[in-house]
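# Analysis of the macromolecular model
Okay, here's what each chain looks like letter by letter:
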Amino acid sequence: FAPPLDVVWATAPYFHNGAAPTLWAVMTPDDRPTVWKRTEDGYDQVNVGHEVEAFDAVPEGLSPRERRMYYDTTHVGNSAEGHTFPDVLTDDEKRAVIEYLKTL
């Protein structure tokens, strides 16, 4: 079953596997980061969700502990593909939906 949308602004990351760090990433499939890492500051009030740094790939030479800090959507089970339903909306409409979700 689908979880309720109450306080959805506080439940990032999104999708069943956590592949979308923000509601804006949910709403813009073509702009979802391939690899992302949370910042120390934590929360993105504009895009609603985790404040992240986006990368094309996981940096090389990381220790296993450092590697766990990166979410890589190219791994099996971590995909951010699909969920293209917002493509029919304009950017203004997407922002309006996000503003509404902030009120729940």
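All values derive from a computational prediction rather than experimental measurement.

We now examine a nonpolar patch on the surface. Among the surface-exposed residues, Leu5, Tyr100 and Leu104 lie close enough to one another that they form a single nonpolar patch of about 290 Å² accessible area. Take Tyr100: its relative accessible area is 52%, and that puts it in the exposed class.

What follows covers the nonpolar core. Counting residues in each nonpolar core, the largest one holds 17 residues, and the members touching the most others are Tyr14, Ala20, Leu23 and Ile98. Listing elements by their share of this core, those giving two or more residues are α1 (23–27) and α3 (91–102). Sort the elements by how many residues they give to this core and α1 lands first, with five residues. Discounting residues that sit within four places of it in the chain, Ala20 has contacts with Pro13, Tyr14, Phe15, Ala25 and Val26.

Below, the discussion takes up unusual backbone geometry. Here the bond from Ala12 into Pro13 is cis, since omega is 0°, no more than 30 degrees from zero. Positionally, Pro13 belongs in the segment before α1. Look at Val7: it is not a glycine, yet its phi comes out positive at around 45°. Within the secondary structure, Val7 is located in the segment before α1. Overall, the relative accessible area of 39% leaves Val7 in the partly exposed class. Here His83, not a glycine, exhibits a phi torsion of approximately 50°, which is positive. If you trace the backbone, His83 turns up in the loop between β3 (70–72) and α3.

Cut-offs applied
Once a new chain begins, its residue numbering starts again from 1 and follows that chain's sequence as written. Totals for whole chains, interfaces and linings use every residue, but because this is a predicted model, local features are given only for residues with pLDDT of at least 70 and side-chain atom pairs only at 80 or more, for both listing and counting. Calculated side-chain values reflect all of the structure's heavy atoms, with hydrogen atoms and water omitted. Exposure above 30% relative accessible area and the absence of a salt bridge qualify a residue for a patch, where like charges join within 9 Å and nonpolar side chains (Val, Leu, Ile, Met, Phe, Trp, Tyr) within 5 Å. Surface accessibility in these figures is a Shrake-Rupley result with a 1.4 Å probe; residues are shielded only by whichever protein chains are displayed. Salt bridge criterion: a side-chain nitrogen from Lys or Arg within 4 Å of a carboxyl oxygen from Asp or Glu. Only protein chains enter the accessibility calculation, which uses a 1.4 Å probe; a residue whose area is less than 20% of its type maximum is buried, one above 50% is exposed, and one in between is partly exposed. We define a nonpolar core as any set of buried Ala, Val, Leu, Ile, Met, Phe, Trp, Tyr and Cys residues linked to one another through side-chain atoms lying within 4.5 Å. Here a helix means four or more residues in a row that DSSP labels H or I, a strand means two or more in a row labelled E, and each is numbered from the N terminus. By definition, residues are in contact when any of their heavy atoms lie within 4.5 Å.

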